[in-house]
Amino acid sequence: MFRKAAYLDVGKSMRQNVNAFTTCMSGSSVRTALIGRAGCRIVLLLLATSCATTVNAAEWRVDIVDPSAGMFSSMKFDLYGNAHVSYLDPSENQLRYAFWDHMLKKWFTTNVDRSGGFCTLVLDSHQRPHISYHAYGGGLMYARWDGASWQKQRISIATREVGFYTSIALDQNDHPSISFYETISADGSLVGRLRSITWNGEFWALTTVDSDRGSGKFNSIAVDSKGHPHITYGNVNYENASLRYGYWNGESWKTEIVEGAGKPGSSCWSVSMVLDKGDNPHVTYTDVPHLLVKHATKKNGQWIIEAVDSLVKVGYPDRNGIVLDDQGNPRSEEHTSELQSLRH
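Residues numbered from 1 in each chain as written. Predicted model: local features only at pLDDT ≥ 70, side-chain atom pairs only at ≥ 80, totals over all residues. Heavy atoms only, no water.

Some remarks on the overall build of the protein
In step 1: From N to C terminus, the protein includes zero helices and 27 strands.
In step 2: Every one of the 344 residues in the protein was classed for burial, and the buried ones make up 57%.
In step 3: The long-range fraction of contacts in the protein, counting pairs at least 24 apart against all pairs at least 6 apart in sequence, stands at 42%. (Helix = DSSP H or I, 4+ residues; strand = E, 2+ residues; numbered from the N terminus. Buried < 20%, exposed > 50% of the residue type's maximum accessible area, 1.4 Å probe, protein only. Contact = heavy atoms within 4.5 Å.)

A short note on the sheet that holds strand S22 (residues 281-287)
In step 1: Taking strand neighbours across the sheet as the criterion, the four strands line up as S21-S22-S23-S24 in an open arrangement whose pairing is antiparallel. Since the sheet does not close on itself, it has two edges, and those belong to strand S21 (268-275) and strand S24 (302-310), each with one partner. Strand-to-strand twist in this sheet, taken as the mean axis angle between neighbours without regard to direction, amounts to 20°.
In step 2: Pairing geometry for S22 and strand S23 (residues 292-299), over six bridges, is antiparallel. Its bridge partner lying in S23, aspartate 287 is registered against leucine 292. (Pairing = 2+ DSSP bridges. Axes fitted to C-alpha atoms, helices over the stretch in contact; angles between N-to-C directions.)

With respect to the pairing of strand S9 (residues 106-123)
Every regular strand shows the same layout, with side chains that alternate between the two sheet faces.
In step 1: With eight bridges joining them, strand S8 (residues 94-101) and S9 adopt antiparallel strand pairing. For leucine 95, the partnering residue across the bridge sits in S9 and is aspartate 113.
In step 2: Hairpin connection of S8 to S9: four residues between the antiparallel strands, including lysine 105 at a positive phi of 55°.
In step 3: With six bridges connecting them, S9 and strand S10 (residues 129-135) associate as antiparallel partners. Looking at S10, one finds that valine 122 is bridged to histidine 130.

Quick notes on the side chain of histidine 230
In step 1: When you line up the elements, histidine 230 lands in strand S18 (residues 229-235).
In step 2: A polar side-chain atom of histidine 230 sits 2.7 Å from a polar atom in the side chain of aspartate 224.
In step 3: Other than its neighbours up to four places away in sequence, histidine 230 contacts Ser220, Ile221, Ala222, Asp224, Tyr245, Gly246, Tyr247, Met273, Leu275 and Asp279. (Polar contact = N/O pair within 3.5 Å; in protein donor to acceptor, adjacent residues only side chain to side chain.)

Some thoughts on the packing of aromatic side chains
In step 1: Scanning all chains against the criterion turns up 13 aromatic pairs.
In step 2: Both rings, one in tyrosine 165 and one in phenylalanine 218, keep their centres 5.1 Å apart while their planes meet at 40°; by these two values the pair is tilted. Highlighted residues: tyrosine 165 in strand S13 (residues 159-170) and phenylalanine 218 in strand S17 (residues 215-223), separated in sequence by 53 residues.
In step 3: Ring centres 5.9 Å apart and planes at 65° place the aromatic pair tryptophan 248 and tryptophan 253 in the edge-to-face group.
In step 4: Judged by relative accessible area, tryptophan 253 falls into the buried class, the value being 12%.
In step 5: Counting every residue linked through ring pairs, the aromatic cluster contains Phe72, Phe118, Tyr165, Phe218 and Trp269.
In step 6: Above the ring of tyrosine 136, the side-chain terminus of arginine 114 is found at 4.2 Å from the ring centroid.
In step 7: A cation sits over an aromatic face here: lysine 217 above phenylalanine 164, 4.3 Å from the ring centre. (Phe/Tyr/Trp six-rings, centres within 6.5 Å; stacked < 30°, edge-to-face > 60°. Lys NZ or Arg CZ within 6 Å of the ring centre and 35° of its normal.)

Details of the sheet that holds S9
In step 1: Read from one edge of the open sheet, seven strands run S6-S7-S8-S9-S10-S11-S12, paired in antiparallel fashion. Single-partner strands in this sheet number two, and they are strand S6 (71-77) and strand S12 (150-155). Between one strand axis and the next, the sheet turns through 25° on average, direction left out of account.

Some thoughts on a nonpolar patch on the surface
In step 1: A contiguous nonpolar surface patch, about 350 Å² in accessible area, is contributed by Met103, Leu104 and Phe108.
In step 2: Tracing the backbone shows leucine 104 in the loop between S8 and S9. (Patch = residues over 30% accessible without salt bridge, like charges linked within 9 Å, V, L, I, M, F, W, Y side chains within 5 Å. Areas by Shrake-Rupley, 256 points an atom, 1.4 Å probe, with all protein chains shown as cover. Salt bridge = Lys/Arg side-chain N within 4 Å of Asp/Glu carboxyl O.)

Some thoughts on the nonpolar core
In step 1: Of all hydrophobic cores here, the largest spans 17 residues; its most connected members are Leu243, Val283 and Tyr285.
In step 2: Within the residue set of this core, elements represented by two or more residues are S17, strand S19 (242-248), S21 and S22.
In step 3: For this core, the leading source of residues is S21, giving four residues.
In step 4: Ignoring sequence-local partners within four residues, the contact set of tyrosine 285 consists of Leu243, Glu259, Cys268, Trp269, Ser270, Val271, Leu292, Val293, Lys294, Ala296, Ile305 and Asn320. (Core = buried A, V, L, I, M, F, W, Y, C linked by side-chain atoms within 4.5 Å.)

Laid out in structure tokens, this is it:
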């Protein structure tokens, strides 16, 4: 059961510019953050409170992370309470990284690489950042901080164009799996398909998750206790529009339609997923035709779907996020760009 704990009006200055938010759970406390742009600044709206307490907008704190950039931002908190953010500076086509030192209470920012699109960040077992992002001029890139410098790699894929969302997750050995949306294949064909690539310790293994046109524009990846990736994603082609889920069983991808089967136009956007301790998926997403934010989870082989919130309008890029607390209960956040609001 979802309970809305907070509502925040982010104001006209952030209209259509909010990019991502995250939540860090620790015992009975929760830290929820929205990261985005106000004009040309990247800003952080942070809420730290007890899970049992109902809060209001007055308890949010606003920080300026970067005064000049902040597109496509992605953020994680580490185990020590520090914040890590990746984002794009479109004026310079630069992928940037920001670090909040909770002891010094200060932000540090640096350039990582040339880039021209979406990025996603995850932390490894040493609490160091790994980022998947689009190369400047096209292609898929991977960068990680090794404790001294950024190690960057252009992943060799026989494709002409990778676009829109990418997502990254790490296994128990800190090996990355990256999901991405291939828009144009190597022979110039318009494909619009979901693909995944995994570093197995020796080489990058590339697979096609779903070849139905329109699959994967919105995608979110997680790795289970066996090291196998799971991906939830939206198909945006009208005839095939749906929310979908796929998992790697060790030999091949198994995919299924969660919502929208046989119902053209059932667009599902702003997909975000986590796995619980039993490796069961929990997904939050926007049911665009019905103006609903929903939660879906799979139990005993069956998908259970419930509405979390209703919307007046849907905009792009709206963002949803989900985490599980220590008891395995889902907590969801949603940003609605049309209404300039964040709900938790």
